[in-house]
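Each chain is listed here by its residues.
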Amino acid sequence: MDVNLVLRSTRVITPEGTRPASIAVSGGTIAAVLPYEAEVPAGARLVDVGDDVVLPGLVDTHVHVNDPGRTEWEGFWTATRAAAAGGITTLLDMPLNSLPPTTTVENLRVKQEVARAKAHVDVGFWGGALPDNVKDLRPLHDAGVFGFKCFLSPSGVEEFPELDQERLATSLAEISGFDGLMIVHAEDPHHLAAAPQRPGGAYADFLASRPRDAENTAIENLINQARRLDARVHVLHLSSSDALPVIAAAKAEGVKITVESCPHFLTLTAEEIPDGATEFKCCPPIREAVNQDALWQGLADGTIDCIVSDHSPSTADLKTPDFASAWGGISSLQLGLPAIWTEARRRGFDLTDVVRWMSEGPARLAGLTRKGAIEAGRDADFAVLAPEATFTVDPADLQHRNRITAYAGKTLHGVVTSTWLRGERIADNGTLAEPSGRLLERNN
């Protein structure tokens, strides 16, 4: 065993629990998780992080990088630096908000070429399912995308139109034929069209324009389609807790459905959002505190499988004070871990729960078998966290291209002191190394 690094801590989170350990790394892979006092092999470098907690590197399967085409909104260089600073070692890029969207193999190759030299963390890609690209789905699958995203209501960009129920069924039938995964922005367009639409800065009016029924109905319809076609589906950014019983029943029945939620739904509430504060706007929206409580219960009982960022940035000029016209998206890539840890610890959860939701769960969703756990044979990807330390969010400290955040001024628990990708330190107390991320493909 040619071990070149031993990473040691009194608190290492492994699949068997948290314990003192020395992690032996060979060639970018975890060779063994050894007892804390294990002898360091000859020629290996020892890095002892003391009482800081070593977590498996986080996996974020919902990131809008917007590169190429809208790189003034974000880009692979800035997004992956923010990821590394926040303890994320793998991200999957969403197929829209870039130009071109990832809806053909040719467009996928454009994205990969742009990302190749800029990636500070490992990067994979989702494909897109549009009304007119059913013929492209199998080629994209064969080219290595991790699955396919669709919208059931307008996406907000004209180059990525939504699927109606008939076209959803057609795409699902095609994708289920090769056991692919459809990931779904589930809001029903009919409920959205019937909801009151009042422009202006009042958050209550915006919340009324995206009712829970829109999510609930879309998810019920999706479950029916998945059941009928024996298709694998994943609900993106669950906001409405009303949908949890239906989802739990579908899972118990054997429907192939998984669900994610996001830090903003789990840590922010409608009651705290000032009028005109469109840095809090996202679709579906941040809902009331009682709804948030139920989402945490859904995490506790396993109905919700994972937590991912839905990092969806824009330039400052698109965040107008009018909730109706402002761009909808929360920038949180760098802050997801401390935001969730702050709320989780308040609610009585521990870091093993956070690892299950933010590393293990997303890795399982995407089929990333080398990610998501600290055990022999996995990539040596780590986030080192000082969980008792606190900091106050200053947008100037963020690596995102546009430093607009709903978390500005909040005091959070958990400081990421270093991040490691395949045994190399890529972030060290805010200092970022040169890009060393790889482009990932499904089952590779």
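All of these numbers come straight from a predicted model, not from anything done at the bench.

Colleague: Hey, could you run me through unusual backbone geometry in this one?
Modeller: Most peptide bonds adopt trans geometry, and most residues besides glycine take a negative phi value. Pro 100 follows Leu 99 through a cis peptide bond whose omega is 10 degrees. Position of Pro 100 relative to the elements: it lies in the loop between β7 (88-93) and α2 (105-116). Cis geometry is found at the peptide bond from Cys 283 to Pro 284, where omega equals 0 degrees. Phi at Asp 179 takes a positive value of approximately 55 degrees, unusual for a residue other than glycine. The residue Asp 179 is located in the loop between α4 (165-176) and β11 (181-185) in this model. What makes Asp 179 partly exposed here is its relative accessible area of 48%.

Colleague: What exactly am I supposed to notice about the environment of Ala 169 here?
Modeller: Turning to its location among the elements, Ala 169 is positioned in helix α4. For the pair formed by Ala 169 and Ala 208, sequence separation is 39 residues and the distance between their alpha carbons is 29 Å. With near-sequence residues (within four places) excluded, Ala 169 lies in contact with Gln 225, Arg 228 and Leu 229.

Colleague: Teacher, can you tell me more about the sheet that holds strand β14 (residues 306-307) here?
Modeller: Sheets are built from strands paired through backbone hydrogen bonds, the pairs being either parallel or antiparallel. On the basis of which strands lie adjacent, the open sheet formed by 6 strands has the order β9-β10-β11-β12-β13-β14 and parallel pairing. The outermost strands of the open sheet, each flanked by one partner alone, are β9 (127-128) and β14. Relative to strand β10 (residues 148-151), β9 runs parallel, the two sharing 2 bridges. Note that in β10 the partner of Gly 127 across the bridge is Phe 148.

Colleague: Looking at this structure, I do not really get the side chain of Thr 269. What am I missing?
Modeller: Note that Thr 269 resides in the loop between α9 (263-267) and α10 (289-300). When its relative accessible area of 12% is taken as the criterion, Thr 269 is described as buried. Those residues in contact with Thr 269, other than ones at most four positions away along the chain, are Ile 286, Arg 287, Ala 289 and Gln 292.

Colleague: What exactly am I supposed to notice about the pairing of strand β5 (residues 53-56) here?
Modeller: Where a strand is regular, its side chains alternate between the two sheet faces. Covered by surrounding structure in β5 are Val 53 and Leu 55 together with Val 54 and Pro 56, the residues of both alternating faces. Examined bridge by bridge, strand β1 (residues 5-14) and β5 share 2 bridges and lie parallel to one another. Within β5, the position partnered with Val 12 by the bridge is Val 54. Pairing of β5 with strand β15 (residues 382-392), which is carried by 4 bridges, proceeds in the antiparallel orientation. For Pro 56, the partnering residue across the bridge sits in β15 and is Phe 382.

Reading the values: the criteria
Residues numbered from 1 in each chain as written. Predicted model: local features only at pLDDT ≥ 70, side-chain atom pairs only at ≥ 80, totals over all residues. Heavy atoms only, no water. Helix = DSSP H or I, 4+ residues; strand = E, 2+ residues; numbered from the N terminus. Buried < 20%, exposed > 50% of the residue type's maximum accessible area, 1.4 Å probe, protein only. Contact = heavy atoms within 4.5 Å. Pairing = 2+ DSSP bridges.

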